[in-house]
Amino acid sequence: AYLVATGDGDMEDLCYRQYRDAQTMTDSVAALSLLAEGDSPYREHALADFRQRWADDRLVLDKWFTVQAASPRADTLDCVRRLMADSVFTLRNPNRVRALVGAFAQFNPLRFHAEDGAGYRFLADTVLELDAINPQVAARLLSPFGRWRRFDAGRSTLMQAQLERILKHESVSRDVYEIAGKLLG
């Protein structure tokens, strides 16, 4: 990670070789994560290769979603939205939802807590959409909002507003209502 962070193209080559020649899933995912975080010329190829190679293994493919959702890149939220439209993504699969949406909200503080509140709106929108399908998973996705009091006034206000929006939604489930209410209380 430190070597890739230097921006030295030779280190990106080394990282890609580590991905390509990995003998274990740990090595493969670690190298893929580093490639997904930056603007390496290998980024898109490695992501496409991983998806194609593991297309038939749902649990491994969840790692592919998580790697992209956790990326600190400026376009990560747009990427997450595109991934939600991918043919293998469905809100009906709780593991897939946690791998993409949950990973973005929990493992990407830089982009989830963007100053403009886009990450908060995205999570609230997704919770409301998912609530009609799986209220329990939707309720669990709210946990990143639970720390709203620990943030600066701007972010606190934005998170609080999304929780209030969820509580006011006309068809919110009991599960989501209860958790959102506790988080605000």
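In this numbering scheme, every chain counts its residues from 1 along its sequence in written order. Whole-chain, interface and lining totals are the exception, using all residues; otherwise, since this is a predicted model, local features are given only for residues with pLDDT of at least 70 and side-chain atom pairs are given and counted only at 80 or more. Derived side-chain values reflect all non-hydrogen atoms in the structure, with water molecules and hydrogen atoms excluded from consideration.

A. How the structure looks around the packing of helix 3 (residues 25-37) against helix 4 (residues 43-53). Axis lines are fitted through C-alpha atoms, for helices just across the contact stretch, and the angle between N-to-C directions can take any value from 0 to 180 degrees. A run of H or I in DSSP counts as a helix once it spans at least four residues, and a run of E counts as a strand once it spans at least two, with each numbered from the N terminus. One way to put it is that helix 3 packs onto helix 4 with a least axis distance of 9 Å and a crossing angle of 140°. As the angle between them shows, helix 3 and helix 4 are arranged oblique. As for the relative orientation of helix 3 and helix 4, their crossing is left-handed in sense. In contact with M25, S28, V29, L32, L35 and A36 of helix 3, helix 4 contributes R43, A46, L47 and F50. Residues of the contact of helix 3 with helix 4, tallied by class, amount to eight nonpolar, one polar and one charged. Here roughly perpendicular refers to angles of 65 to 115 degrees, roughly parallel to angles under 35, roughly antiparallel to angles over 145, and oblique to all remaining angles. What makes a crossing left-handed is the near helix being turned counterclockwise from the far one by less than a right angle; a clockwise turn instead makes it right-handed. Contacts were defined at the residue level, with two residues in contact if any of their heavy atoms lie within 4.5 Å. Under the scheme applied, nonpolar residues are Ala, Val, Leu, Ile, Met, Phe, Trp, Tyr, Cys and Pro; charged residues are Asp, Glu, Lys and Arg; polar residues are all the others, including Gly.

B. Expanded view of the packing of aromatic side chains. Note on aromatic pairs: the rings of Phe, Tyr and Trp (six-membered ring only in Trp) are paired at centre separations within 6.5 Å, and the planes decide the class, stacked below 30 degrees, edge-to-face beyond 60, tilted for the rest. In this structure the tally under the stated criterion is ten aromatic pairs. Pairing F50 with W54 gives two aromatic rings, centres 6.4 Å apart and planes at 45°, and the pair type is tilted. Residue classification places F50 among the buried positions, given a relative accessible area of 0%. Exposed residues in this analysis have more than 50% of their type's maximum accessible area, buried residues have under 20%, and partly exposed residues fall in between, with area computed by a 1.4 Å probe over protein chains only. Its relative accessible area of 27% is what places W54 among the partly exposed residues. Between the aromatic rings of W64 and F65, the centroid separation amounts to 5.0 Å while the plane-to-plane angle is 75°, which identifies the pairing as edge-to-face. When its relative accessible area of 5% is taken as the criterion, W64 is described as buried. By way of ring pairs, the aromatic residues F104, F112, Y120, F122 and F145 are connected into one cluster.

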